[in-house]
Every structure is written in structure tokens, then in C-alpha cells.
Amino acid sequence: MKVYTTDRSNDRSEPERIKVGVADYAIAHAGSTLVTSGLGSCVGIALADVEAGVAGLAHAMLPSAGAETKREAAEDDVHPDTWKYVDTAVPELVRELTDDGAERSRIEGRIAGGSAMFEFESSAGAVGERNVAAAREALGANGITLIDSDVGGDYGRSLAFDAETGELSIRRAHGETHVI
Amino acid sequence: MARSVLVVDDSAFMRNLLKQLLEDDHEVVGEAENGVEAVELYRELDPDVVTMDVVMPIRNGIEATSEIKSIDPDSSVIMCTSVGQEEKMREAVEAGADGYITKPFQKPNVLEAIDDVVGVEA
Amino acid sequence: MNLDVQSLRTFSRLAHSGAEEAAGSLSTLTGFDARVAVTKVEMATRADVEREFRERDLVSVHIGFSGAIEGHTVLAFDRERAVSLVDALVPGASDDPDSDLATSGLKELGNIMLGGFIDGWADFLGDSIDITTPTYVELDAGRSLQDVIGAEGVPGGAADTDVPDPSGTTIDSDHVLAFRNHLETVDEEAGFYIYMLPTQESVETIVDVAGNAEDAIPVETFTSFSQMISEGAGQASEDLTAMTGIDTNVDVSRLSFVPVEGVPMELTDDARRGVVLEFSGTPSGYIAILFDPESAESVADALMPGMESDPAMRKSALQEIGNIVTSGFLDGWANALETTIEISPPRYVDDIASAIVDPLVTELARTQDYAFLIDSAIATPDETFTCDIYALPDERELRAAFDQLAPEAN
């Protein structure tokens, strides 16, 4: 008996707005915008090859899996935490883009987020700052040019990333939207 | 070539959807809302293919399939269900189902399944 | 019955992949681009879920299941959404939304989405789960979820065993966990909810397969902790009323288990004002007390009636409210746990809601993949203001606190 299941990958054309959750990522093509909300200490990594018309946005929480307390291993086959950590998210995002026609040398990188909104007594400190440092390092290690960033401060950010132009719009709760 | 199809589903919406989807290529000769009606209509209409929902009131699709297969071992029954559990698929195989389509399906799935189970030629 | 964190993770994972399956079906059938926003395992009773339906004016499709596990699943969406769904499923039928074809379309949508939701659980258990035919339910007509579920029953299962207590409330002994999945569409935040309410016995079945018995906490502990949270929220509500002179009620008070990254996604992209505090003891953790901008103004006005107040004064008033609400919320915990919980000075925030919670969650994410989220909402009946409370205790310390609540478990 043969089982016929719906192939959802080519269901519809790509939506205009694609939401990226926390510890998550998405790829989009010219004509679509990737959005993610509520970056506090988290960092948004936006990569685009404008010529190929493909872009990707990752929303990472922590600098590196290795640097944090070793947690109980996840039981899933595919490691679900790839997008939680900057150091694993960046190479994976680059791979996704190059698989989709991007040229590594043409990919432009932009980063935003990594703020220090609160200082907690219990904290090892400055996760935001370490996220930004990890993102810079990972982009460098993967041969991606970082062309601009909007990081630090003590406020949250929401992002909209235009896959066609590679422009990253950064919105705050108060104040002007900043485009890099 | 066009086949005669008996559509079995308790949902009027789903029967409608299947009819629309099949109308260009095949002919829906009958509709049943449960397994009992399905068996009765099968005897009456002797369709080329039956699309069979699984979860239905009165009599479910697995039981109806077994009975249709015992009446006519050469019948062609394609399960068409929202249940995609491996165990349920095994039950369908035991009942003699020829194909298994999971909902939501797309037109090419259904047409392909019909061609596969009854053949493209007459 | 005992529950352990490993089982909760398994539950969360199965529910999340089931919800993704359902979201895919929704997109295929209707063209709405849906994705799973949050999957929560709530330590809730059926009565809690029912209250949520009623308050939000949700229409729903129900399916019962039995076999390897037993219980109910519900697909719920708001009334307006139902109309657009019917339009997408059966073009033209929304002119007469009560027609058989319109409800048949919604029922079949529920059937397909919920059927897909259940599949993964069956495959995980290596057994089959039978589902009933769908029932379309509107809860506005004075019908309770219990009427519906009671009437439909579980396929081949036992009748419900709810025991009414003399006070007139229902002790829902049959369901202790609810799996709540929020599916959102790109165009709007309001979306679809999939609930799964397994019977207590079914929860045990899965715990037996997935769980770590040494780590297990009696389920009654979760119930007493939920009770403690409700009491804390009640105290916070009383304190708010005393401060502002405006009557308030506890609208929501929940304990749930969520993947850490799911917590910020519970909040919107809108601006919120309030305070963030750190608490330490058994347990330690973080708490955020948030008001929407209008509520923040109303609260400040209520605290300083007729006074000309500058922004700094209003900010200070909100900070004080945060302090008092936090104390009201946590003092009861400290008493019940026979410990002290220290509270840090409140830090004022005025920012994007999800970004406010993000650094708190990130701190927890360093040591845990899943979090116990406590969320409460205190509101005035006339909607003068709403106050949302989010508390995020450290998972391991909370487990220690659970042991304190149920010493007989050790």
C-alpha cells in the first residue's frame, strides 16, 4: 500500500512577511521581508546576497553552547539548539544561503541587538555584549563581511530585513526607526 | 481514462471537495456518509475506485474496506483520512486498502493514487 | 501519579511537532500562512480551559481520542476568524455561517488539524489512537465544555468522573495537564489554539515511556503550587486595589512549562511599562510586572489623584506598584515554602514587551532549555487598567521548592 502525503514545501509562494521566532531563523527571497521582534540581549544576524536575491535572519540567544553550563543532552536527532547559539547559528545560516544560490564572498552581514537592559546580581554578566562579540567573531571566521551594526544600549529592538535590498530596519519602543 | 468513483466521508465539506477535485478527470457516481452506506452503495454501483474516510459514525472506514474487499477482492479502495499514524496504516493494509492518502491532500495526490491503484489504461 | 521534567520535555516536544503538523494542514487547506508561536504544557484543569473559551468568545471543534491514550483535543479560534475560515474553505458559504456546509467545512478543518496533531503521539507510543468524529461547539449558548465533552464522551472510554463538590465548583480530577498551542498567522497575532486534554491515566502512560521516575514530582505538588500562585495573584490584586482604590480581579493565573525561547513569544511587540525584579531564595528567579501605556497612566493617576505629577514622579509611582505587587505575589510562596525570598529593588522599564522579558529568559537559558512560566493578569472590571505578571523561577530551585511542598514524596 502506497501512502500519499502532501508535499508542503511547494504549497504556495513565499509570503511577504516571514516571522522569525526566538532561537530560530528563516530564509527569504527578493520581495519578502524577514521580521523578528523583541531583541533584548539576544542578537539578530542578518545576511544577504543582494545579487542572488536571497537573505537570511537568525535570532540567537546566547554566544556559544560550549561556554554555557552543560545541559542535559537533547534527545532529538537534529540538534534543536543550533539557532539558540551565535556560534552555531552563523555557519548554519551561511550554509543555508549558499545552498540557496548565495556566493559567500558577496554576502553582506548586519547585526543588531545585544543590549544590556538590566544588570542582574545572579548573572555572569553582559550576555548582550558577549553575543555581539561572538557574532563578529563567527562572521569573520566564516568569511562574511560585516558592513554595519546597531548594538548595545539599554533598550530593546525589533527588526525588519528586506531581502531585496539587504536593508535592516531597527525599531525601538521610542524613537526613530534606524536603517542600516 | 475516467473512472467511476464512490466517495465515502462523513463530512459534506470533504465530499464536496473531492467531487470538485475529481470532476475533470473522473466521475463521482455515489457518495456515502458512513461505512454501512459505503458497502450498500458499493454493491449497487460497483465503482472502479472507492475513496474511504476512516473515522466515521455508525461504521468506520477500516471495517467497510474489509467488507468491500470480501465482496469483491478486485475492488480498489483508497483510504483518505486525517489520521496518519503508523499503526492505523498497518490496520488499513490488513483490511486490504490499496492506497492511503493523508488529509489535507492535493489534487495531484488523489489523481496519482487513482491511476496507481486502477491503472492508467482501460 | 508523578511527573518529571524529562516527561514534560517529551510532552512539549510531541505537542509542538503535532501543532506544526496542524499548522501545515491549515496552510494547505485555507492558504493562511500559519506557524506555531508557542507550545505550553499547562498545569491546568479543564475548567481553566473552559473559562478561557468563554472569556475570549472562541468557537471550536472538538475531537475525542482513545486507545493508547485518552482525552480530548480542541481546535479553537475567534468568531470573526471562523467567518474568514469558512470563506477560504467553502467560497460563498460565509453568507450563511450556520449552514451545514459552513459548519461541515470547519468540522473537517478541525478533523484534519487535530488528526495530524495526534499522529505523532501514537507513533511515539508505537500504538494506535482512535479519534471520534468532530463536534462543532459554540460556548456562548450557556453550554459548558463539560456538557459537550460529557455528551460526546471518549470513544469506547469510560464516562467522565468529575466530582461536583458541595461548594458548587467542579473538582476536575480527570485532567491535570492541558497542552496549549498557539498558532499565529503573519497578518495578525490573534490566531488559532489547539488544546489537548489527556486523562490523568494517559499522562501516566506517557510518563512511563518517557519519564525518569527518580526525578518525579507528585502531580498534586503542581496542583498545590498552582494554588499558591493563584493565592499570590489574589494577594497582589488586593494590594493593587488598596493602593489605587480601584477594584481589581485576577483574570488569569497559570503555571506552565515551555521551551525557554517560547517565553518572549508569549508577549507582543507593543510597548509596555513597569518593573523587572530579581528574587532569590528557594526558588530564585525573575519577575516582570507590566502595564500597557494607557494602564500605566491610569495607575499613576489613581495613585496621585488630582496631583500635577512630572514623569519622574509617575515613574516612581509605577516602581512602587511593582514592588507591592511583587511582594503580594511572592510573600505567600515564602510562607508556604517556609523560607524567605529576597526581592531586589525594582528596575523601571518602558520598552518593547517581548524585549523586556528576553534578558530574563536568556539568563535562564544559560542553564535550562525549558522554563516554568507563571503568568497572571490582574484587571479592573471596567478595564481602567490591566497588570500582567510574569514570573520565571529557576527550574532546579523550583524543583527543590516542590520537594518542600510535598515532603512525603521524598
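Predicted model, so just to flag it, every value in this text is computed and none were measured.

Sheet architecture is open: six strands sit in the order β1(A)-β5(B)-β4(B)-β3(B)-β1(B)-β2(B), paired in parallel fashion. Strand pairing shows two members of the sheet lacking a second neighbour, β1 (2–4) of chain A together with β2 (27–32) of chain B, which therefore form its edges. Shown here is a sheet whose adjacent strand axes are inclined to one another by a mean of 20 degrees, direction ignored. Bridge count between strand β3 (residues 49–52) of chain B and strand β4 (residues 77–81) of chain B: three bridges; the pairing is parallel. Across the sheet, residue Val50(B) finds its bridge partner in β4(B), namely Val77(B). Of the strands in this sheet, β1 (4–8), β2 and β3 of chain B are in contact with helix α1 (residues 12–22) of chain B, which crosses β1(B) at around 160 degrees. Packed onto the sheet, helix α2 (residues 35–45) of chain B meets β1, β2 and β3 of chain B and runs at close to 145 degrees relative to β2(B).

With that settled, the discussion passes to the sheet that holds strand β10 (residues 168–171) of chain A. Strand order in this open sheet of five strands is β2-β4-β9-β10-β11 (chain A), and the pairing throughout is mixed. The open sheet terminates on both sides in strands that have one partner only, identified here as β2 (17–19) and β11 (178–179) of chain A. Of the pairings in the sheet, the one linking strand β9 (residues 157–162) of chain A to β10(A) comprises four bridges and is antiparallel in character. Residue pairing for β10(A): Ala160(A) is matched across the bridge by Ser169(A). The strands touched by helix α10 (residues 353–365) of chain C are β4 (33–39) and β9 of chain A; relative to β4(A), the strand with the most contacts, the crossing angle is about 60 degrees.

Residue and element names in this part refer to chain B. Per the UniProt record, "modified residue: 4-aspartylphosphate" (unreviewed entry) is annotated on Asp53. Structurally, aspartate 53 is set in the loop between β3 and α3 (61–71). For aspartate 53, the contacting residues outside a window of four places in its chain are Val8, Asp9, Asp10, Gly61, Cys80 and Thr81.

The subject of this paragraph is the nonpolar core. With 218 residues, the main nonpolar core has Ile45(A), Ala60(A) and Ile194(C) as its most contacted residues. Here this core takes eleven residues from helix α4 (residues 100–125) of chain C, the largest share from any one element. Looking at which domains feed residues into this core, each of domain 1 (2–215) and domain 2 (217–409) of chain C supplies at least three. Filtering out sequence-adjacent residues up to four positions away, Ala60(A) remains in contact with Ala23(A), Cys42(A), Val43(A), Ile45(A), Trp83(A), Lys84(A), Tyr85(A), Val86(A), Ala89(A) and Asn131(A).

Let us now look at the UniProt feature "domain: CheC-like protein" (unreviewed entry) in chain C. All names here are of chain C. Taken from the UniProt record, the annotation "domain: CheC-like protein" (unreviewed entry) applies to residues 103–136 and 313–347. Note that residues 103–136 is 68% helix and 15% strand, and that its end C-alpha atoms are spaced 7 Å apart. The straight-line gap between the two end C-alpha atoms of residues 313–347 is 15 Å; of that span, 69% is helix and 9% is strand.

To continue, consider the interface of chain A and chain C. Size of an interface: often given as the accessible area lost when the parts come together. In this complex, chain A contributes 34 residues to the contact, which on the side of chain C involves 34 residues. Within the residue set of the side of chain A that touches chain C, elements represented by two or more residues are β2, β4 and β9 of chain A. Element by element, the count of residues in the side of chain A that touches chain C is highest for β4(A), at three residues.

This part covers the interface of chain B and chain A. With 16 residues of chain B in contact, the opposing surface of chain A contributes six residues. Listing elements by their share of the side of chain B that touches chain A, those giving two or more residues are α4 (86–95), β5 (99–102) and α5 (107–118) of chain B. Bridge count between β1(A) and β5(B): three bridges; the pairing is parallel. Bridge assignment links Tyr4(A) to a residue of β5(B), and that residue is Ile101(B).

Our focus in this paragraph is the packing of helix α8 (residues 293–303) of chain C against helix α9 (residues 311–336) of chain C. Each packed pair of helices is defined by two parameters, the angle between the axes and the distance between the axes. Residue and element names in this part refer to chain C. Following both chains from N to C, one finds α8 and α9 inclined at 95 degrees, their axes separated by 9 Å at the closest point. Our classification of the angle between α8 and α9 gives roughly perpendicular. When α8 is examined against α9, the residues Ala296, Val299, Ala300 and Leu303 are found in contact with a partner set consisting of Arg314, Ala317, Leu318 and Ile321. Looking at the contact of α8 with α9, its residues break down into seven nonpolar, no polar and one charged.

Think of an α-helix as turning once every 3.6 residues; residues three or four places apart then point the same way. Looking only at α1(B), the buried set comprises Phe13(B), Met14(B), Arg15(B), Asn16(B), Leu17(B), Leu18(B) and Leu22(B). Buried residues in α1(B) make contact with β1, β2 and β3 of chain B together with α3 (79–89) and α4 of chain C.

Residue and element names in this part refer to chain B. The side-chain alternation of β3 yields two buried faces, one formed by Val49 and Thr51 and the other by Val50 and Met52. Across four bridges, β1 lies against β3 in parallel orientation. Counted as the bridge partner of valine 7 is threonine 51 from β3. For the segment spanning β3, α3 and β4, crossover handedness is right-handed.

All names here are of chain C. Two numbers describe how helix α1 (residues 5–30) lies on helix α6 (residues 200–210): the axes approach to 9 Å, and their chain directions differ by 110 degrees. When the axis of α1 is compared with that of α6, the two are roughly perpendicular. Contact residues: α1 offers Gln6, Ser7, Thr10 and Phe11, while α6 offers Ile206, Val207 and Ala210. Looking at the contact of α1 with α6 residue by residue, the class counts come to four nonpolar, three polar and no charged.

Definitions and cut-offs
- Residues numbered from 1 in each chain as written.
- Chains lettered and ligands numbered in written order.
- Predicted model: local features only at pLDDT ≥ 70, side-chain atom pairs only at ≥ 80, totals over all residues.
- Pairing = 2+ DSSP bridges.
- Helix = DSSP H or I, 4+ residues; strand = E, 2+ residues; numbered from the N terminus.
- Axes fitted to C-alpha atoms, helices over the stretch in contact; angles between N-to-C directions.
- Contact = placed C-beta atoms within 7 Å.
- UniProt positions renumbered as here; feature names shortened; annotations may be inferred.
- Core = buried A, V, L, I, M, F, W, Y, C linked by C-beta atoms within 7 Å.
- Buried ≥ 20, exposed ≤ 12 C-beta atoms within 10 Å, placed from the backbone.
- Domains from an automatic or database assignment.
- Parallel < 35°, antiparallel > 145°, perpendicular 65-115°, else oblique.
- Nonpolar A, V, L, I, M, F, W, Y, C, P; charged D, E, K, R; others polar.
- Right-handed = clockwise from strand over helix to strand, strands pointing away.

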